[in-house]
Amino acid sequence: MATKAEIQAQVDLEREQIRQGLKRLHDNTYKLQEKSYASATVYGVTSIEQLLPLVVTRIENTNRRIKEGKTGYAFKEIKQHLADLEPEGAAAIACKITFDKVFSHKKSASLVPNITDAIGQAIENECMMRHYEKHVPGLLHTLKENYFHRAIGTQQKVKVITTLMNRHDVNHWKCWGRANRVILGTWLIDCICEESGWFLRDVRRQGNKTPQYIIPSPEFLKIKDEVMATAELFSPIAWPMLIEPNDWSNERQGGYLLNEVMRGYPMVRRGDRTRIQGETPIAFLNRIQKVAFTLNTFVVDVAETLMERRYEVGKFIPVCEMPMPPKPADIDDNRDSEMSYRRAAAEAYNYNAQQFKRSCRTRMTMNAVKVFKDKEKFFNPWSLDYRGRAYPIPTFLTPQDTDFGKSLLKFHEQSFMTPDAQGWLAFQCATTYGGSKDTMKERQDWVVNNLDLITRVATDPIGNLCDWEKADEPWLFLASCEEYFHTCISCDRNYTNLPVAVDATCSGLQILSGLARDASTAKLVNVLPSDEPQDAYKVVAEQAKPNVPECIKPHMDRKTTKKTVMTVPYNAKPFSNRGYIREALLEKGVEVDKEDLTATVKAVRDAMNVIVPGPMKVMAWIESEVAKAIDRGCDHLKWCTPSGFVVVQKLMKPECQTLKLKLLGDCKIKVAIGESAEVDKQHHKNATSPNLIHSLDASLLHLSALRFSAPIALIHDSVLCRATDMSVLSDIVRETYMHLFAEQDYLTSFAQQIGAETEPPIIGTLKPESVIYSTYFFC
């Protein structure tokens, strides 16, 4: 039970979260306006979503009048210059530029000529990029691949492309001219003003001149204030808590103490808030919230040193700035010196901007470390998603962070070392270094043969940086070396509280093999006992190898098939399979043409039908039955998992379309406000199999965690606990899997719950109770 002082400290912390959240919201808004990028602000994004359909309709009506031969203002320019740009694209560009200019802090930005010219220029730039994509697609692709990621901002990207295109003998773009751009921009800004009523022309007397500005109307300023006020309600930063979070229940919200912080954090994310959930998943949620953590001071000290020295290791990315070049003495008189300086300055500016973006997560993590560095312990409030999977509400200092983020955590509650714990700490060292596919004995032997390496890393991590930065998970390896050294080598510490992790072997196939009672698949994913870890990826690669093109055969191994085999149980389609296989081959320096890639994907999927028949049949059956359910008039699917969690899958067709602009990227354009009334049948077919898997692996962890009495943490299909407790937890997980699939036929139960018209494809060769003897089920 928390004391009054501890409760007050938590309340003070939450009020600081509110204050910092508000400050971040307003600072970000100010900076975006200062950079003439108001379209990316909270009010800009929200307002443009409402404005776009109106402007699109206006442009479509004008296009229709032009085709009918009617006349009107700027019809010639509209027909000539918007012929290759859809109304949605023109509307998106015009709305973006209008918000950027009107709310910019630059005084002249909102002048009518500046806004209209900017809109016309942006429209021309988009049409120019489409022109080059049509006439020289290969060259444009090469230039974008080599230069776009270095350029900051659309203007610089345009400058890079136009400069490089002019160096080649290509079908050059014919510039429209400022007069045409202004006419086109004027018509578009008039469309925005007339359709929305949000902007007005303001004529001001300035000496002998009367310039016109575009200003927001009182109606829009009221809307803007309302949007910002709503955003403020959801702006508090989510940090860990200093005391145990409030318990969740069907009647009462859990987590943080203050309602101002808990807004936007329901117990079930993206779920039906009125749905009554079973006692078990709620008890599970309250159980994992009570696990206390503390910072790993050893890792924190190393991170602070590397942050100061600006040294990048794995996912730890500090800001590494390139110094700006000094201006040459003859910059005013020597054109070559000026151009050299400008190129060098642009390169440094672009590099620094990219590094600042890359370092964002690391900087935010280290800011959170500063807040909790002097705290004895802290807790993470958790919630569930609509499939029952658990997620921490805070973004940083959680078990579901990056390799670096996870390495910062230790359990607050310590336990005395045992011989069994020594083995699990050795397991953690070897696994994080790169031995995740080795046998248990091979991992233990690796540690015995590398005691000097572990000692060097633990005693002088900065001086021996090259020894640990090359590990698969360098920061977790660093943390495990320090723990192993002090508890097992120097033996100056007789307790341990380091989280040790074990992962499921291809969780999707493990679940599907249990549903189908498919022994052949179960053996490949370590549901059945074996002397060494099984490798489904390798077996599929060997099965597919005879049927792939000759040029691919030498490179057909587990790495080539891994992502495809891993994601097919989650209904990954051939298109995404192509990307995974192409990426794996490129890593080996192999480029593959379209036909060979298509043949390779087919060979891998055909191999999976042979190697993992049960899961493939179950997925096909689910797709068929879901389609029938939607055709019968169901607007949602509902099933209850073995832990009592109720999954409600309601997927309606979105009332928006995604527009791919060449310079501004992907833009989602809403064509109506509100949710569509049409069920998204294809989405249901694609989503049900992975959501069923996720709901069952969540159910497995719900039931396992409640049987486990020591500190525990979860990452979907991975469990973490202290080395002294891992043997117990491993037994519990295996036993729970056995109970889930041996004591009930859940696939038949699922079929009944969704009203299936045919019997599920159960092979029946697997005895799930055998899993309790499987060493590598979770490893």
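Above this text sits the structure in question.
Residues numbered from 1 in each chain as written. Predicted model: local features only at pLDDT ≥ 70, side-chain atom pairs only at ≥ 80, totals over all residues. Heavy atoms only, no water.

Caption draft 1: How the structure looks around the overall build of the protein chain. Each helix and strand counted, the protein chain has 30 helices and 17 strands in total. Taking 779 residues into account, the globule formula puts the C-alpha radius of gyration at 28 Å, and the protein chain, at 30 Å, falls close to it. Reported as C-alpha extents along the three principal axes, the dimensions of the protein chain are approximately 90 × 65 × 60 Å. The buried share of the protein chain, taken over its 779 residues, is 52%. Here the analysis covers contacts within the protein chain between residues at least 6 apart in sequence; of these, 73% occur between residues at least 24 apart. Carbon together with sulfur atoms contributes 51% to the accessible area of the protein chain, which is approximately 36300 Å² in total. Across the protein chain, the 99 positively charged side chains and the 98 negatively charged ones have centroids separated by 5 Å. (Helix = DSSP H or I, 4+ residues; strand = E, 2+ residues; numbered from the N terminus. Rg over C-alpha atoms; globule rule 2.2 N^0.38 Å. Buried < 20%, exposed > 50% of the residue type's maximum accessible area, 1.4 Å probe, protein only. Contact = heavy atoms within 4.5 Å. Areas by Shrake-Rupley, 256 points an atom, 1.4 Å probe, with all protein chains shown as cover. Lys, Arg positive; Asp, Glu negative; His and termini not counted. Charge placed at Lys NZ, Arg CZ, Asp CG, Glu CD.)

Caption draft 2: Structural context of the packing of helix α27 (residues 613-631) against helix α30 (residues 746-753). Taken N-terminus to C-terminus, the directions of α27 and α30 make an angle of 10 degrees; their axes are 12 Å apart at the nearest point. With respect to α30, the element α27 is oriented roughly parallel. Judged by residue contacts, V618, W621 and I622 of α27 engage L747, F750 and A751 from α30. Looking at the contact of α27 with α30, its residues break down into 6 nonpolar, no polar and no charged. (Axes fitted to C-alpha atoms, helices over the stretch in contact; angles between N-to-C directions. Parallel < 35°, antiparallel > 145°, perpendicular 65-115°, else oblique. Nonpolar A, V, L, I, M, F, W, Y, C, P; charged D, E, K, R; others polar.)

Caption draft 3: Expanded view of the sheet that holds strand β5 (residues 378-379). Pairing within the open sheet is antiparallel, and its 3 strands lie in the order β5-β4-β8. Two strands close off the open sheet at either side, each with one partner strand: β5 and β8 (409-411). (Pairing = 2+ DSSP bridges.)

Caption draft 4: Structural detail: the sheet that holds strand β6 (residues 382-385). Pairing is mixed in the open sheet, where 3 strands are placed in the order β3-β6-β7. Each edge of the sheet is formed by a strand with only one pairing partner; in this case those strands are β3 (268-269) and β7 (390-392). Two elements, β6 and β7, share 3 bridges in a ladder whose sense is antiparallel. Among the inter-strand pairings, L384 is bridged to a residue of β7, identified as A390. Of the strands in this sheet, β6 and β7 are in contact with helix α11 (residues 279-289), which crosses β6 at around 145 degrees.

Caption draft 5: Seen up close, the nonpolar core. Core analysis: the biggest nonpolar cluster contains 156 residues, and L397, W468, W475 and L515 have the highest contact counts within it. Residues within four places of L515 in sequence aside, it is in contact with L692, L696, F741, Y746, L747 and I762. Counting residues in each nonpolar core, the second largest holds 61 residues, with L82, A94, M128 and C193 among its members. (Core = buried A, V, L, I, M, F, W, Y, C linked by side-chain atoms within 4.5 Å.)

Caption draft 6: Quick peek at the packing of helix α2 (residues 42-67) against helix α9 (residues 218-233). α9 packs onto α2 with a crossing angle of 120 degrees between their chain directions and a minimal axis gap of 9 Å. It follows from the interaxial angle that α2 and α9 lie oblique. At the point where α2 passes α9, the crossing takes the right-handed sense. Across the interface between the two elements, V42, Y43, T46 and S47 of α2 pack against F220, K224, V227, M228 and A231 of α9. The residue makeup of the contact of α2 with α9, split by class, is 6 nonpolar, 2 polar and 1 charged. (Left-handed = near helix turned anticlockwise from the far one by under 90°.)

Caption draft 7: Structural detail: helix α17 (residues 440-449). Listing the buried residues of α17 in full gives M440, R443, W446 and V447. Looking down the long axis of α17, one finds its buried residues gathered within 125 degrees of arc, a one-sided arrangement. Opposite the buried face of α17, at more than 90 degrees from it, the exposed residues are K441, V448 and N449. Contact partners of the buried residues in α17: α16 (419-433), α18 (451-459) and α20 (474-489). (Arc of directions from axis to C-beta.)

Caption draft 8: Molecular detail of the packing of aromatic side chains. Scanning the entire structure with this criterion turns up 23 aromatic pairs. Considering the side-chain rings of F404 and W475, the 4.9 Å spacing of their centres and the 65 degrees angle between planes classify their relative orientation as edge-to-face. One end of the pair, F404, is in helix α15 (residues 403-407); the other, W475, is in helix α20, and 71 residues separate them in sequence. Residue classification places F404 among the buried positions, given a relative accessible area of 2%. Taken together through their ring pairs, the aromatic side chains of Y43, F99, F103, W198, F199 and F220 make up a single cluster. The ring of Y43 is capped by K224, whose NZ or CZ atom sits 4.8 Å from the centre of that ring. Cation over ring: R363 sits above F356, and NZ or CZ is 3.8 Å from the ring centre. (Phe/Tyr/Trp six-rings, centres within 6.5 Å; stacked < 30°, edge-to-face > 60°. Lys NZ or Arg CZ within 6 Å of the ring centre and 35° of its normal.)

Caption draft 9: Structural detail: the environment of A599. With respect to the helices, strands and loops of the structure, A599 is situated in helix α26 (residues 594-611). On the basis of relative accessibility, which here comes to 30%, the residue A599 falls in the partly exposed class. In this structure, the C-alpha to C-alpha distance between A599 and Y30, residues 569 residues apart in sequence, is 53 Å. Apart from the residues within four sequence positions on either side, A599 is in contact with N547 and P549.

Caption draft 10: The pattern of salt bridges, seen in detail. According to the stated counting rule, one finds 40 salt bridges in the structure shown. Here D117 and R181 are joined by a salt bridge, their closest N and O atoms 3.3 Å apart. Linking D117 in helix α5 (residues 112-135) with R181 in helix α8 (residues 178-196), this pair joins segments that are 64 residues apart in sequence. Taken as a pair, D117 and R181 share a single burial class, namely buried. (Salt bridge = Lys/Arg side-chain N within 4 Å of Asp/Glu carboxyl O.)

Caption draft 11: Here's a closer look at the environment of S407. Its location among the elements puts S407 in helix α15. Taking the relative accessible area as the measure of exposure, S407 reaches 1% and is therefore buried. For the pair S407 and A479, spaced 72 residues apart in the sequence, the C-alpha separation amounts to 6.1 Å. Leave out the neighbours within four places in its chain, and S407 touches N296, V299, W475, L476 and A479.

Caption draft 12: Up close: the side chain of R387. If you trace the backbone, R387 turns up in the loop between β6 and β7. Given a relative accessible area of 14%, R387 falls into the buried group. Of the polar contacts made by the side chain of R387, one reaches the side chain of D385; its length is 2.6 Å. Separated by 3.3 Å, the side chains of R387 and N691 make a polar contact. With residues near it in sequence (within four places) discarded, R387 still touches F645, V647, N691, H694, S695 and A698. (Polar contact = N/O pair within 3.5 Å; in protein donor to acceptor, adjacent residues only side chain to side chain.)

Caption draft 13: A look at unusual backbone geometry. Even without being a glycine, L397 presents a positive backbone phi close to 60 degrees. Residue position: L397 is located in the loop between β7 and α15. A residue is classified by how much of its surface remains accessible, and L397, at 0% relative accessible area, is buried. Look at N526: it is not a glycine, yet its phi comes out positive at around 65 degrees.

Caption draft 14: Structural view of helix α25 (residues 574-587). Over its 14 residues, α25 extends 20 Å from the first C-alpha to the last, a length consistent with the 20 Å expected when each residue adds 1.5 Å. Regarding α25, the residues found buried are N577, R578, I581, A584 and L585. For α25, the angular spread of the buried residues around the axis is 135 degrees, confining them to a single face. For α25, the exposed residues set more than 90 degrees away from the buried face come down to F575 and E587. The secondary structure elements touched by the buried residues of α25 are α24 (558-567) and α26. (Expected span 1.5 Å × (residues − 1).)

Caption draft 15: Seen up close, the pairing of strand β4 (residues 292-295). Along β4, one buried face is formed by A292 and T294 and the opposite face, lined by F293 and L295, is buried too. Where β4 meets β5, 2 bridges bridge the pair, whose relative direction is antiparallel. Bridging from a neighbouring strand, F293 pairs with F378 of β5. Where β4 and β8 come together, 3 bridges link them in antiparallel fashion. Note that in β8 the partner of F293 across the bridge is F411.

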